[in-house]
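Fold and contact review
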Amino acid sequence: MNQSIKSRIAPTPSGFLHLGNAYNFLVIYRETVIKREGKLHLRIDDSDSGRVRDEYISDVFDTLKWLEIPIESGPKNLEDFKTNYSQYLKKDYYKSFLKKLPDCYVCECSRSFLKENNCPCFKKDYSYEPGKNAIRHKVKNEEVFKKMGDFIIWRKDDLPSYQLASLIDDIDEKINLIIRGEDLIDSTKAQFYLAELLNDKIYTSCSFLHHPLIKTENGEKISKSQNSENETSLILKNLRANGTDRDGVLKKLGFSSWEHFLNS
Ligand SMILES: [Zn+2]
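Residues numbered from 1 in each chain as written. Predicted model: local features only at pLDDT ≥ 70, side-chain atom pairs only at ≥ 80, totals over all residues.

Here we look at the overall build of the protein
Across its full length, the protein holds 12 helices and 7 strands. The C-alpha atoms of the protein give a radius of gyration of 19 Å, which matches the 18 Å a tight globule of 264 residues would have. Across its three principal directions, the C-alpha atoms of the protein cover 60 × 45 × 35 Å. In the protein, once contacts between residues fewer than 6 apart in sequence are set aside, the share between residues at least 24 apart is 71%. (Helix = DSSP H or I, 4+ residues; strand = E, 2+ residues; numbered from the N terminus. Rg over C-alpha atoms; globule rule 2.2 N^0.38 Å. Contact = placed C-beta atoms within 7 Å.)

The structure is reproduced here in structure tokens:
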């Protein structure tokens, strides 16, 4: 029995949640609360996308309630989130970590330029100007560099990158179990590397679980940006409207019952 396990559910509100998110939330619940008697924190990563809308944030709360997932800490509703938890409120705090990270540099390259060329900016000593350039980190770990290159720490739109904001929040919230889809394995490696550079002892002693992603019937990855006819049936808001309950969601995910899911 271990009461000190703390994990987090951390969606990005850039669209309505879909079946893939439900699977992620339910796996986090099973692994943290059921199997380890741990507690769940809710974090909504709203600094990562200009597509954030209030209705997407509300959808997170509606979904957690519908899936019967108990949350111990974090925002209680849209209003609470906007007043007390939005990552925009912590922008200056995130920015203070730029000074603690060695080897950050300003990059002026466009994405299309970088497809064909290596970034020449490390040696150029540009100064950061929002709207014009971004801040990257000179990655000195071969494995991380191979996957991520010199990834962005601070974005062109004057906001922290996902890699930075998510890491700092996990450290501050003293998360010790991180469960995420296997599409984020490279992110985990990048964040672990940043945590080491920051001399952090919390993130670097975390346990990590990466679960497989669920696919559509055609074998495609589900994403929030897909809005085709097939995809609308995977949107949780639509399933709720049709009267589907948690067992119905589990059936769609290939489990015959809640017990079947818990034992899988
Ligand atoms: Zn560059």
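Next comes the rest of the account.
Section: the pairing of strand β1 (residues 6-9)
Successive side chains on a regular strand alternate, one facing one side of the sheet and the next facing the other. Along β1, one buried face is formed by Lys-6 and Arg-8 and the opposite face, lined by Ser-7 and Ile-9, is buried too. In this sheet, strand β2 (residues 39-42) lies alongside β1 in parallel orientation, the contact comprising 4 bridges. Within β2, the position partnered with Ser-7 by the bridge is Leu-40. A crossover connection joins β1 to the parallel β2 through helix α1 (residues 19-34); in handedness this β-α-β unit is right-handed. (Buried ≥ 20, exposed ≤ 12 C-beta atoms within 10 Å, placed from the backbone. Pairing = 2+ DSSP bridges. Right-handed = clockwise from strand over helix to strand, strands pointing away.)

Looking at the sheet that holds strand β5 (residues 152-154)
As summarised here, the arrangement of the 3 strands in space is β3-β4-β5, forming an open sheet in which the pairing is antiparallel. The strands lining the two open edges of the sheet, one partner per strand, are β3 (104-107) and β5. The average undirected angle you get between the axes of adjacent strands in this sheet is 45°. Where strand β4 (residues 134-137) lies against β5, 2 bridges are found, and the strand directions are antiparallel. For Arg-136, the partnering residue across the bridge sits in β5 and is Ile-152. (Axes fitted to C-alpha atoms, helices over the stretch in contact; angles between N-to-C directions.)

Side note on the pairing of strand β6 (residues 177-181)
Counting buried positions along β6 yields 4 of 5 residues, so the element is predominantly enclosed. Of the strand pairs in this sheet, β6 and strand β7 (residues 207-211) are connected by 5 bridges, and their pairing is parallel. Considered in β7, the bridge of Arg-180 is made with His-210. You can see the chain leave β6, run along helix α8 (residues 185-197) and come back into β7, and the turn it takes is right-handed.

Thoughts on the environment of Leu-19
By secondary structure assignment, the location of Leu-19 is in helix α1. The exposure class of Leu-19 is buried, given the 20 C-beta atoms found within 10 Å. Along the chain, Leu-19 and Lys-65 lie 46 residues apart, while their C-alpha atoms are 15 Å from each other.

Details of the nonpolar core
One recurring pattern in soluble globular proteins is that nonpolar side chains are buried together. Counting residues in each nonpolar core, the largest one holds 50 residues, and the members touching the most others are Ala-22, Phe-25 and Leu-236. The greatest single-element share of this core, amounting to 7 residues, is contributed by α1. Each of two domains, domain 1 (6-85 + 215-262) and domain 2 (93-154), supplies a minimum of three residues to this core. The contacts of Leu-236, once residues within four sequence positions are left out, are Phe-16, Leu-17, His-18, Leu-19, Ala-22 and Thr-63. (Core = buried A, V, L, I, M, F, W, Y, C linked by C-beta atoms within 7 Å. Domains from an automatic or database assignment.)

Some details on the domain arrangement of the protein
Think of interface size as the accessible area that goes away when the parts come together; that is how it is often given. The domain architecture assigned to the protein consists of domain 1 (6-85 + 215-262) and domain 2 (93-154). The distance between the C-alpha centroids of domain 1 and domain 2 comes to 32 Å.

What about α8?
Taking 1.5 Å per residue as the helical rise, α8 with its 13 residues ought to reach 18 Å, and the 19 Å between its terminal C-alpha atoms agrees with that figure. Buried within α8 are the following residues: Ala-190, Gln-191, Tyr-193, Leu-194 and Ala-195. Elements that come into contact with the buried residues of α8 comprise α6 (142-148) and α7 (162-172). Directly beyond the C-terminal end of α8, a positive phi value near 55° is found at Asn-199. (Expected span 1.5 Å × (residues − 1).)

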